[in-house]
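A structural walkthrough
The residues making up each chain are set out below.
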Amino acid sequence: MPEDVPAQAGEADEEGLERARKLFAGPIQFLKSAPQLKFLPDPDVPEIAFCGRSNVGKSSLLNALTGRKAIARTSVTPGRTQELNFFDVGEPLVLRLVDMPGYGFAKAPPAVVETWRRLVRDYLRGRVVLKRTLLLVDARHGVKPVDAEMMRMLDEAAVGYRVVLTKADKIKASELEAVTAATLAEARKHSAAFPQVHVTSSEKGLGITQLRAAVLGDAYT
Ligand code: GDP
């Protein structure tokens, strides 16, 4: 572990925020795509994975976190992204971000869904360096049945996860308050979910600084 990363980066303290800001402003590179587990990179650094329904705003959030315009492809044709994409953060390497394939697209054939399920489940269950998953939920819709299903997969794999509301700028403050409360209530029902909700907007930069610090903190908890 690089010496300037604390054992536990505080979620909200100034030092943690600044350390994360610096890390994400530095070198970040796409490493590889893994369509099957045998193509995973060597497990030599902490990983933080991102999952959510297709179109939830995952690519936009990865771009916002890394401060880059197109590190993650946005709006790829549903069904084409059946891979785990790895991004190296820091030089020397500090952590890896893992972009998991989106789920819940309406027209996916059952075989595609099954391939997705196997890849994701096996990655979640077997990846020793996976420190945390961020489950993205569209603030306009709240937790849908497919999201709850993903939460159950994470519970079963015993991978701790944070629930992140995306596109918060798209709804009114009163609606945001209601969806945040409902999402928190849902998170509390799940054994592996953090009992808190991150509210973000990639468009407006809302919640991004705090999420960076949480990601770095989780990598070294
Ligand atoms: P992905 O399929 O989960 O990777 O989703 P994308 O990042 O491609 O986003 C899907 C759509 O939502 C795109 O049209 C984005 O421009 C839009 N979007 C993503 N994040 C935000 C946000 O924070 N605010 C708003 N208003 N739109 C967003």
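Before going into details, it helps to say that this report is about the structure given with it. (Residues numbered from 1 in each chain as written. Predicted model: local features only at pLDDT ≥ 70, side-chain atom pairs only at ≥ 80, totals over all residues.)

1. Considerations on the overall build of the chain
When helices and strands are counted, the chain shows six helices and seven strands. Considering only C-alpha atoms, the chain reaches an extent of 45 × 45 × 35 Å along its principal axes. The buried share of the chain, reckoned over its 221 residues, is 40%. If you take every contact in the chain between residues at least 6 apart in sequence, the share linking residues at least 24 apart comes to 78%. (Helix = DSSP H or I, 4+ residues; strand = E, 2+ residues; numbered from the N terminus. Buried ≥ 20, exposed ≤ 12 C-beta atoms within 10 Å, placed from the backbone. Contact = placed C-beta atoms within 7 Å.)

2. Brief notes about the site of the ligand
As a matter of local geometry, the ligand sits amid 18 residues, with Gly57, Lys58, Ser59, Ser60 and Glu203 nearest to it. Element by element, the count of residues in the shell around the ligand is highest for helix α2 (residues 58-66), at three residues. Class assignment of the residues belonging to the shell around the ligand gives a composition of one nonpolar, 12 polar and five charged. (Near = placed C-beta within 6 Å. Nonpolar A, V, L, I, M, F, W, Y, C, P; charged D, E, K, R; others polar.)

3. Topic: the nonpolar core
Phe50, Leu135 and Leu136 are the most contacted members of the largest nonpolar core, which has 55 residues in total. Of the residues forming this core, the biggest block, seven residues, is contributed by helix α6 (residues 208-219). Those residues in contact with phenylalanine 50, other than ones at most four positions away along the chain, are Lys58, Leu62, Leu97, Val98, Asp99, Met100, Leu134 and Leu136. (Core = buried A, V, L, I, M, F, W, Y, C linked by C-beta atoms within 7 Å.)

4. Topic: helix α4 (residues 145-157)
Structural remark: α-helix, 3.6 residues per turn; residues separated by three or four positions point the same way. Taking 1.5 Å of rise per residue, the 13 residues of α4 would be expected to cover 18 Å, and the 19 Å separating its terminal C-alpha atoms lies within 8% of that figure. Residues Asp147, Met150, Met151, Leu154 and Ala157 constitute the buried set of α4. Looking straight down α4, one finds that the buried residues subtend no more than 125° of arc, so they occupy a single side. When the buried face of α4 is taken as reference, the exposed residues oriented beyond 90 degrees from it are Pro145 and Ala148. Buried-residue contacts for α4 involve β2 (47-52), α3 (110-126), β5 (130-138), β6 (161-166) and β7 (193-199). (Expected span 1.5 Å × (residues − 1). Arc of directions from axis to C-beta.)

5. Observations concerning the environment of arginine 96
For arginine 96, the location among the structural elements is in strand β4 (residues 95-99). Given 23 C-beta atoms within a 10 Å radius, arginine 96 is considered buried. It is 9.2 Å that separates the C-alpha atoms of arginine 96 and isoleucine 28, two residues lying 68 residues apart in sequence. If we skip the residues at most four places from it in the chain, arginine 96 touches Val45, Glu47, Phe86, Phe87, Asp88 and Val89.

6. Re the sheet that holds β7
Taken in spatial order, the seven strands line up as β1-β3-β4-β2-β5-β6-β7 in an open sheet, and their pairing is mixed. Bordering the open sheet on either side are β1 (28-34) and β7, each of which pairs with just one other strand. Strand-to-strand twist of the sheet, defined as the mean angle between neighbouring strand axes without regard to direction, takes the value 25°. The pairing of β6 with β7 spans four bridges and is parallel. What sits directly across from tyrosine 161, in β7, is alanine 193. (Pairing = 2+ DSSP bridges. Axes fitted to C-alpha atoms, helices over the stretch in contact; angles between N-to-C directions.)

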